[in-house]
Amino acid sequence: MSETRILLDPTSEQKPAQRERVTRPNSLEGLTIGLLDISKNRGNVFLDRVESHLTDRGLKVNRYIKPTFTRPAPVELQQQIATECDVVVEGLAD
Amino acid sequence: MSTQPDGLIAVVKQDCPTCTLIEPVLKQIGQTDCSLTVYTQDNPEFPTGVATVIDDTSLEQSYKFNIETVPTLLRFENGKETERAIGWHRGDWESVSGLSDLGTDLPESRPGCGSKSVEPGIVEKLAVQFGDSKLAARRVEVGSLEDEMEACFKRGWTDGLPVVPPTEERVLRMLEGTTRSPDEHVGIVPPNYNDCTVEKIAINAVMAGCKPEYLPVVLAAVEAVLSEEFGMHGLLATTYFAGPMVIVNGPITREIGMNARVNALGQGNRANATIGRTLQLIIRNIGGRVPGGVDRAMLGNPGKYTFCFAEREDDSPWESLAVERGFSPDTSTVSLFAASGVTPISDTASRDPDDLCRSFAACLKAVSHPKSANQPSPVLVVSPEHSRRFGDAGWSKAQFRETLNRYLQIPVEELISGTGGIVEGISESRAKNQKTMPKFRANTLHIVRAGGDAGLFSAIISSWGGSQSVTKEIKP
């Protein structure tokens, strides 16, 4: 179906055609924060620091590690993070 | 075609025996001082002996000249078409070309063949490619690595099930199902009160899986849903179970193959399934209603995916719902209800119509709560086997309804709060000076007939109090 790359918008067109981001929470109070290490060099150092800042403020933090930064996270890990966390911080750069 | 140079144009395909028959005629015209251009739809080597043969395998010119039959001969003067001959007819060709003695050794006339530009499924493709689009909807580009089905989910366009990606070609084909213009305004869709055009309805009909011939039913259903009496805004927002349900009456139910028989309220029939689904997609996509947003249904019901069926009219002892509402049996209609789900009635023992009425009433009294009265009228779907009990005994629909209403008068003492150890119920002060109260307000049960041949069951489809049933005629 290579010729069907353009679709007609079925909506009232009140919103941008691009996919919208999830609304950011106003506060982290009471939320569970996931920290995802994508296995890039020294990502853990960055996330350790983020974790200590968050826990100092009394916030709940869960840590996760992706097997490799070269591929998308396994579905099980995506689902685990989605069910256990309200927001996620990823360490992307090295 | 204002840029078209003056002269003659012939559109042909080699696959057409009439086109091959008149090949010498084209050659004959080519040898005169007429300016002849031949557009060929299949083999650019055909015809031979003519100086200007243009490859029209893309069918662009055939589409733009609006060719339905090959061969077609056209004359252009001052950049405008002045005459055309369709198929082969010597007189016509001589008239258009201004020449005489064309193809004297050929038969006088021979019909042509269908142009490749009007083959099934091609017209819409060419309209998208070469036509000036008459569609106004925003174009949404799907990324080259994105799956179209997933793209529809991710943009929030679906009811949770996959939808058919609404390409321009499919929407143009859908719009062939109505005589109405794509830009015609149909109504304002709650909860966000957005404008709804025929085109937007067609887009959602494509997504739901409709065939173009279902579109008139969808359009009438949308008009009914958006009427003041139906009260769609309250219905989509309520914590109660209900959603819109469509009952279709009249000849269109047979024409588009709707199901009024076995499993009529269930799955499996394309028209039933997709017409009801379109309605819900329109309210979601155009109106902006999403569950958990303005839709506050505590549980909802499976009919909120789709709920649409036809009345079984042909072998009924009674006039149909639409006829009761003043329409002729030859008129096709949609009737909209706020429907909260299906409750079975199982009575395999009653042989006498009066007994069966008592039985129906006993089941109907349990709608919403056995101790509630003055409820909105439900739809009672009477099965063929049950309706035969009444038909065989010569009972009219009016007599059936009147008898039911009599048995649906409930003694107030049964309804008072606390009776039977159940707190739910009416207050003593409300019951004052009344001996009985009707189960349903205004005594207007909505009665339709549907279902398979076998089964001594009928069904109650309970309603919701904020909505009135609305019937509209289906127009092309």
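Source: prediction; values computed, not measured.

A. Summary view of the overall build of chain A. If you tally the helices and strands in chain A, you get two helices and four strands. Beginning at the N terminus, the succession of helices and strands in chain A can be written as β-β-α-β-α-β. What you see for chain A is a C-alpha radius of gyration of 18 Å, clearly larger than the 12 Å of a compact globule of 94 residues, by over 25%. When each of the 94 residues of chain A is scored for burial, the buried share is 12%.

B. A look at the overall build of chain B. In terms of helices and strands, chain B carries 17 helices and 22 strands. Computed over its C-alpha atoms, the radius of gyration of chain B comes to 31 Å, more than 25% above the 23 Å expected for a compact globule of 476 residues. Projected onto its principal axes, the C-alpha positions of chain B cover 105 × 50 × 35 Å. Burial analysis of chain B (476 residues in total) assigns 45% to the buried set. Nonlocal contacts in chain B, meaning residues at least 24 apart in sequence, comprise 76% of its contacts between residues at least 6 apart.

C. Molecular detail of the interface of chain A and chain B. Taken together, the contacts link 14 residues of chain A with 25 residues of chain B. Of the residues in the side of chain A that touches chain B, the class split is six nonpolar, four polar and four charged. In terms of strand pairing, strand β1 (residues 6–8) of chain A meets strand β10 (residues 139–141) of chain B through three bridges, oriented antiparallel. Across the sheet, the residue bridging to A:Leu8 is B:Arg139, located in β10(B).

D. Broad picture of the environment of B:Leu321. Residues and elements named next belong to chain B. Along the chain, Leu321 falls in helix α13 (residues 321–324). The spacing of Leu321 and His446 is 125 residues in sequence and 7.5 Å in space, taken between C-alpha atoms. Contact partners of Leu321, with chain neighbours within four places excluded, come to Ile247, Asn249, Glu311, Ser335, His446 and Val448.

E. Highlighting the sheet that holds strand β3 (residues 60–65) of chain A. All names here are of chain A. Strand order in the open sheet made by the three strands is β3-β2-β4, with parallel pairing throughout. Edge positions in the sheet fall to β3 and β4 (87–91), since each has one partner strand and no second. Each strand axis lies, on average, 25° off the axis of its neighbour in the sheet, ignoring direction. In this structure, strand β2 (residues 32–37) lies alongside β3, joined through six bridges in parallel fashion. Of the residues in β3, the one forming a bridge with Gly34 is Asn62. Each of β2, β3 and β4 touches helix α1 (residues 43–56); the most contacted strand, β2, lies at about 165° to it. Relative to β2, helix α2 (residues 75–84) is tilted by about 155°, and along the sheet it contacts β2, β3 and β4.

F. Region of the structure containing the pairing of strand β13 (residues 243–249) of chain B. Residue and element names in this part refer to chain B. Counting buried positions over the seven residues of β13 gives seven, a clear majority of the element. As judged from the three bridges shared by β13 and strand β14 (residues 308–310), these two strands associate in the parallel manner. Across the sheet, Ile247 pairs through a bridge with Phe309, a residue of β14.

G. Fine view of the pairing of strand β15 (residues 333–339) of chain B. All names here are of chain B. Extensive coverage of β15 is indicated by the burial of seven of its seven residues. Of the two faces of β15, both are covered, the one formed by Thr333, Ser335, Phe337 and Ala339 as well as the one formed by Val334, Leu336 and Ala338. As paired strands, β13 and β15 are joined by seven bridges and run antiparallel to one another. Among the inter-strand pairings, Met245 is bridged to a residue of β15, identified as Phe337. Two strands pair when backbone bridges link them, and β15 and strand β22 (residues 470–473) are joined in this way by four bridges, in the antiparallel orientation. Bridge pairing in β22 links Leu336 to Val470.

H. Broad picture of the domain arrangement of chain B. Each assigned domain of chain B is listed with its residue range as follows: domain 1 (7–119) and domain 2 (151–473). Once you take the C-alpha centre of each, domain 1 of chain B and domain 2 of chain B turn out to be 56 Å apart.

I. Quick look at the sheet that holds strand β21 (residues 457–461) of chain B. Residues and elements named next belong to chain B. The four strands lie next to each other as β16-β21-β17-β20, forming an open sheet whose pairing is mixed. At either end of the open sheet lies a strand with only one pairing partner, and these are β16 (342–346) and β20 (446–449). Between one strand axis and the next, the sheet turns by 25° as a mean value, whatever way the strands run. Bridging between strand β17 (residues 379–382) and β20 involves four bridges; their strand directions are parallel.

J. Region of the structure containing the nonpolar core. All names here are of chain B. Counting 91 residues, the largest nonpolar core has Ala202, Ala205, Val217, Val218, Ala221, Val222 and Val246 as its most contacted members. Examining the composition of this core, we find that nine residues originate from one element, helix α9 (residues 215–225), more than from any other. When neighbours within four sequence positions are excluded, Ala205 is seen to be in contact with Met174, Cys210, Tyr214, Leu215, Val218 and Thr278. In terms of nonpolar packing, the next biggest core, distinct from the first, is built from 26 residues, Val11, Cys16, Val50 and Ala85 among them.

K. Geometry of helix α2 (residues 23–30) of chain B. All names here are of chain B. Taken together, the buried positions of α2 are occupied by Val25, Leu26, Ile29 and Gly30. On an axial view of α2, the arc spanned by its buried residues comes to 140°, and they lie on one face. In this structure, the buried side of α2 is in contact with β1 (7–12), β2 (36–40) and α4 (90–97).

L. How the structure looks around the confidence of the model for chain B. Here chain B averages 95 in pLDDT, while 99% of its residues score no lower than 70. For this predicted complex, the interface score ipTM comes out at 0.80, while the overall pTM is 0.84.

M. Layout of unusual backbone geometry. Here the amide bond leading from B:Val70 into B:Pro71 is cis, since omega sits at -5°, within 30 degrees of zero. With respect to the secondary-structure elements, B:Pro71 resides in the loop between β4 (69–70) and β5 (72–77). Between B:Pro190 and the following residue, B:Pro191, the backbone shows a cis peptide bond with an omega angle of 5°. For B:Pro191, the position within the fold is in the loop between β11 (185–189) and β12 (194–197). The phi angle at A:Ser39 is positive, at roughly 70°, despite the residue not being glycine. Positionally, A:Ser39 belongs in the loop between β2 and α1. On the neighbour-count criterion, A:Ser39 (14 C-beta atoms within 10 Å) is partly exposed. The residue B:Asn66 is not glycine, and still its phi comes out positive at about 60°.

How each quantity is defined
- Residues numbered from 1 in each chain as written.
- Chains lettered and ligands numbered in written order.
- Predicted model: local features only at pLDDT ≥ 70, side-chain atom pairs only at ≥ 80, totals over all residues.
- Helix = DSSP H or I, 4+ residues; strand = E, 2+ residues; numbered from the N terminus.
- Rg over C-alpha atoms; globule rule 2.2 N^0.38 Å.
- Buried ≥ 20, exposed ≤ 12 C-beta atoms within 10 Å, placed from the backbone.
- Contact = placed C-beta atoms within 7 Å.
- Nonpolar A, V, L, I, M, F, W, Y, C, P; charged D, E, K, R; others polar.
- Pairing = 2+ DSSP bridges.
- Axes fitted to C-alpha atoms, helices over the stretch in contact; angles between N-to-C directions.
- Domains from an automatic or database assignment.
- Core = buried A, V, L, I, M, F, W, Y, C linked by C-beta atoms within 7 Å.
- Arc of directions from axis to C-beta.
- pLDDT = per-residue confidence, 0-100.

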